[in-house]
Amino acid sequence: IIYTLPFDSEVKLKIFDSIGSEVATIVNEFQKAGTYNVKLNISNYNLASGVYFYHLKAGNHIQTKKMIILK
């Protein structure tokens, strides 16, 4: 997951399953402006193959996108 922060802010990046249950918190910290590349190691979170959503919140910016995990 790649994202760019135009300003310093508190960042939360969470993963949700297809029914909306939170399954992982990947990032939960203050970050400086810049581009970040987060590699998701699915074995650390016990995620099965399927459709998931990642929810990125940085300051007032909120973005949710779909992702597919294949094993």
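Residues numbered from 1 in each chain as written. Predicted model: local features only at pLDDT ≥ 70, side-chain atom pairs only at ≥ 80, totals over all residues. Heavy atoms only, no water.

Let us now look at the overall build of the protein. A count of helices and strands for the protein gives one helix and six strands. What you see in the protein, going N to C, is helices and strands ordered as β-β-β-β-α-β-β. For 71 residues, the compact-globule formula gives about 11 Å, and the C-alpha radius of gyration of the protein, at 12 Å, lands near that figure. The C-alpha extent of the protein, read off along each of the three principal axes, is 35 × 20 × 15 Å. Per-residue burial over the protein gives 25% buried out of 71 residues. When contacts within the protein are restricted to residue pairs at least 6 apart in sequence, long-range pairs at least 24 apart make up 49% of them. (Helix = DSSP H or I, 4+ residues; strand = E, 2+ residues; numbered from the N terminus. Rg over C-alpha atoms; globule rule 2.2 N^0.38 Å. Buried < 20%, exposed > 50% of the residue type's maximum accessible area, 1.4 Å probe, protein only. Contact = heavy atoms within 4.5 Å.)

Right, let's talk about a nonpolar patch on the surface for a bit. Judged by side-chain polarity, Val51, Ile68 and Leu70 come together as a nonpolar surface patch covering roughly 320 Å² of accessible area. For Val51, the position within the fold is in strand β5 (residues 50-58). With a relative accessible area of 36%, Val51 lands in the partly exposed category. (Patch = residues over 30% accessible without salt bridge, like charges linked within 9 Å, V, L, I, M, F, W, Y side chains within 5 Å. Areas by Shrake-Rupley, 256 points an atom, 1.4 Å probe, with all protein chains shown as cover. Salt bridge = Lys/Arg side-chain N within 4 Å of Asp/Glu carboxyl O.)

A few words on the side chain of Gln31. By secondary structure assignment, the location of Gln31 is in strand β3 (residues 22-31). In terms of polar contacts, Gln31 uses its side chain to reach the side chain of Tyr3, at 2.9 Å. In this structure the side chain of Gln31 is engaged in a polar contact, spanning 3.1 Å, whose partner is the side chain of Glu29. The residues touching Gln31, leaving out its near neighbours within four places in the chain, are Tyr3, Leu5, Phe7, Asp8, Ser9, Val11 and Tyr36. (Polar contact = N/O pair within 3.5 Å; in protein donor to acceptor, adjacent residues only side chain to side chain.)

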